[in-house]
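Architecture at a glance
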Amino acid sequence: MTEPQQNKDEASKPLIKKCTYCQEMKPLTDFQRRTGRRAGPYSRRGPCRSCRGLAPQERTATSAPSGEETNPSATPVTQHSLEANTAAHSLEASLPMEAQRPRRKPVTDKARECHRQRVRHLLSRLKPADTRALRLNRNGMIRLRGKTDQGRRWHQEIELDLAMTLVRERMAVIVNPYTVRRLYSNKEFRQYVLKRDRYTCFFCGGYGDTIDHLLPRAKGGHTTPVNCVCACNECNQVKAARDVDEFIESGVPQPSPDDFEAPDNPDASEGILHT
């Protein structure tokens, strides 16, 4: 789709989005576009342009109700806005329960470290598998089999080192000395990591819906259960290709304040990461 056709389609539809900070319904033009392979024509980032440059304290003040009565004449209700609000509410109602962001209590440094220790303990339980049975075929490669998200079977030939890494880190199993089979499709692997980490970011302790590599792929890491953890979008982008220890020591971004709800007892959440 060309850019003029895309702009024409966006202008013909009353597409709006709720800002994750000020909780206001705004048109898509007030949000920045997402980048990457999974970015669609209408994919936008969570905060609007006016809230992206604000500090966390200012975001909280902006999202808090002012208590002043709104003037009906200052905000006239049009048929276009009614249709847009109706479309937005129907879109939110159609989302599954897993896609809705849960409310969480503020996370302390102690609770964040407890979650990291829990994830590291789960990763340590994935003991390396034995790869001594693998043998090279006549082409000097190893055959890798798997399935797509739609269930179609695929196969390719990979090097012996990569096959041994996938088997050791529990991403594949040995079918015969010349063939290994991948255990998860891309969608299944993402759901596995998110549920294993309880949709909690490994770095900041907030709500996470993406996966990140402990050893970046730019430094030789692979997409395996041992090397991947759940992360929020902000930590995933800020970390980039840095090591985990370097990123944590440099200062992890704090979770968005709209993920939190005020706890009844502030001391009750000490040392416990609510998920």
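Let us look at the structure shown here. All values reported here derive from a predicted model rather than from experimental measurement. Within every chain, residues take consecutive numbers counted from 1 along the sequence as written. Note on the predicted model: pLDDT of at least 70 is required for a residue's local features to be given, and 80 or more for side-chain atom pairs to be given and counted; whole-chain, interface and lining totals, by contrast, use all residues. As a rule here, side-chain values come from all non-hydrogen atoms in the structure, and water together with hydrogens is ignored.

On to the overall build of the protein chain, then. Each helix corresponds to a stretch of at least 4 residues labelled H or I by DSSP, and each strand to a stretch of at least 2 residues labelled E; elements are numbered beginning at the N terminus. Each helix and strand counted, the protein chain has nine helices and ten strands in total. Burial classes follow relative accessibility: with a 1.4 Å probe on protein chains only, a residue under 20% of its type's maximum area counts as buried, one over 50% as exposed, and anything between as partly exposed. Within the span of the protein chain, comprising 275 residues, buried residues form 31% of the whole. Surface summary for the protein chain: the accessible area is close to 17,500 Å², and the carbon and sulfur share equals 50%. Shrake-Rupley sampling with a 1.4 Å probe provides the accessible areas, and residues are treated as covered by the protein chains on show and by no other component.

In this section: the packing of aromatic side chains. Only centres within 6.5 Å qualify two rings of Phe, Tyr or Trp (six-membered ring in Trp) as a pair; their planes then separate them into stacked at under 30 degrees, edge-to-face at over 60, and tilted for everything else. Throughout the structure, instances matching the rule amount to five aromatic pairs. Between Tyr184 and Tyr192, the aromatic rings sit 5.1 Å apart at their centres with planes inclined by 20 degrees, giving stacked as the arrangement. Through a chain of ring-to-ring contacts, three or more aromatic side chains come together here, namely Tyr184, Phe189 and Tyr192. For Lys17, the ring lying beneath its charged end belongs to Phe31, and the centroid distance is 6.0 Å. Throughout this description, the term charge over a ring refers to an Arg CZ or Lys NZ atom that lies within 6 Å of the ring centre and within 35 degrees of the ring normal.

It is worth spelling out helix α6 (residues 160–168) at this point. Within α6, the full set of buried residues consists of Ala163, Thr165, Leu166 and Val167. When checking whether two residues touch, look at their non-hydrogen atoms; a contact exists if any pair is within 4.5 Å. Where α6 is buried, its residues touch β5 (142–147), β6 (153–158), β7 (172–176) and β8 (179–182). Once α6 finishes, Arg170 follows within two positions and takes phi at roughly 65 degrees, a positive value.

Whenever a carboxyl oxygen of Asp or Glu lies within 4 Å of a side-chain nitrogen of Lys or Arg, that contact is scored as a salt bridge. The full count for this structure, using the stated rule, is six salt bridges. Across the pair Asp212 and Lys239 runs a salt bridge, and its minimum N-O distance is 3.7 Å. On the criterion of sequence distance, the pair formed by Asp212 in strand β9 (residues 210–213) and Lys239 in helix α8 (residues 233–239) is long-range, its members being 27 residues apart. For the residue pair Asp212 and Lys239, the accessibility class agrees, reading buried in each case.

The phi dihedral of Arg198 is positive, around 60 degrees, even though this residue is not glycine. Note that Arg198 resides in the loop between α7 (186–196) and β9. Located in the positive-phi region is Ala240, a residue other than glycine, with phi close to 55 degrees. Here Ala240 lies in the loop between α8 and α9 (244–250).

Here we come to α7. For α7, the set of buried residues is Phe189, Val193, Leu194 and Arg196. Against the buried residues of α7 lie α5 (109–124), β9 and β10 (228–231). Within two residues after α7, Arg198 carries a phi angle of roughly 60 degrees, on the positive side.

Moving on, we get to the layout of surface pockets. Empty space among the atoms becomes apparent when a probe as large as a water molecule is rolled across them. Of the grid points, spaced at 1 Å and generated over the protein atoms alone, those admitting a 1.4 Å probe that cannot get out make up cavities, while open sets with protein on both sides within 12 Å along at least five of seven lines make up pockets; any residue with an atom within 4 Å of a point is treated as lining. Grid points are joined across faces, edges and corners, and a volume is the space filled by probe spheres set on the points. Of the pockets and cavities examined, the second largest pocket occupies roughly 280 Å³. Only Asp, Glu, Lys and Arg are considered charged in this grouping, and only Ala, Val, Leu, Ile, Met, Phe, Trp, Tyr, Cys and Pro are considered nonpolar; every other residue, Gly among them, is considered polar. Split by residue class, the lining of the second largest pocket holds three nonpolar, five polar and seven charged.

On to the sheet that holds β5, then. Each pair of strands is called paired provided DSSP finds at least two bridges between the two strands. Sheet architecture is open: four strands sit in the order β6-β5-β8-β7, paired in mixed fashion. The sheet terminates laterally at β6 and β7, the two strands that pair on one side only. Ignoring which end each strand starts from, the neighbouring axes of this sheet average 30 degrees apart. Bridging between β5 and β8 involves three bridges; their strand directions are parallel. Within β8, the residue paired with Leu144 across the bridge is Val180. Lying on the sheet, α6 is in contact with β5, β6, β7 and β8; it crosses β6 at an angle near 125 degrees. Throughout, an axis means a line fitted to C-alpha atoms (over the contacting stretch in the case of helices), and angles, computed between N-to-C directions, take values from 0 to 180 degrees.

A separate point is the environment of Asn176. With respect to the helices, strands and loops of the structure, Asn176 is situated in strand β7. Judged by relative accessible area, Asn176 falls into the partly exposed class, the value being 30%. Distance from Asn176 to Ala133, taken between C-alpha atoms, is 8.0 Å for residues 43 residues apart in sequence. Among the polar contacts made by the side chain of Asn176, one reaches the main-chain amide nitrogen of Thr179 at a distance of 2.9 Å. Pairing of N or O atoms within 3.5 Å defines a polar contact, subject to two protein rules: one partner must be a possible hydrogen donor and the other a possible acceptor, and residues neighboring in sequence count only if both atoms are side-chain atoms.

Turning our eyes to something else, we now look at the environment of Arg143. Within the fold, Arg143 resides in strand β5. Taking the C-alpha atoms as reference, Arg143 lies 8.7 Å from Glu159; in sequence the two are 16 residues apart. Non-local contacts of Arg143, meaning those with residues more than four positions away in its chain, are made with His155, Gln156, Glu157, Tyr178, Thr179 and Val180. Reaching out from Arg143, the side chain makes a polar contact with the side chain of His155 at a distance of 3.5 Å.

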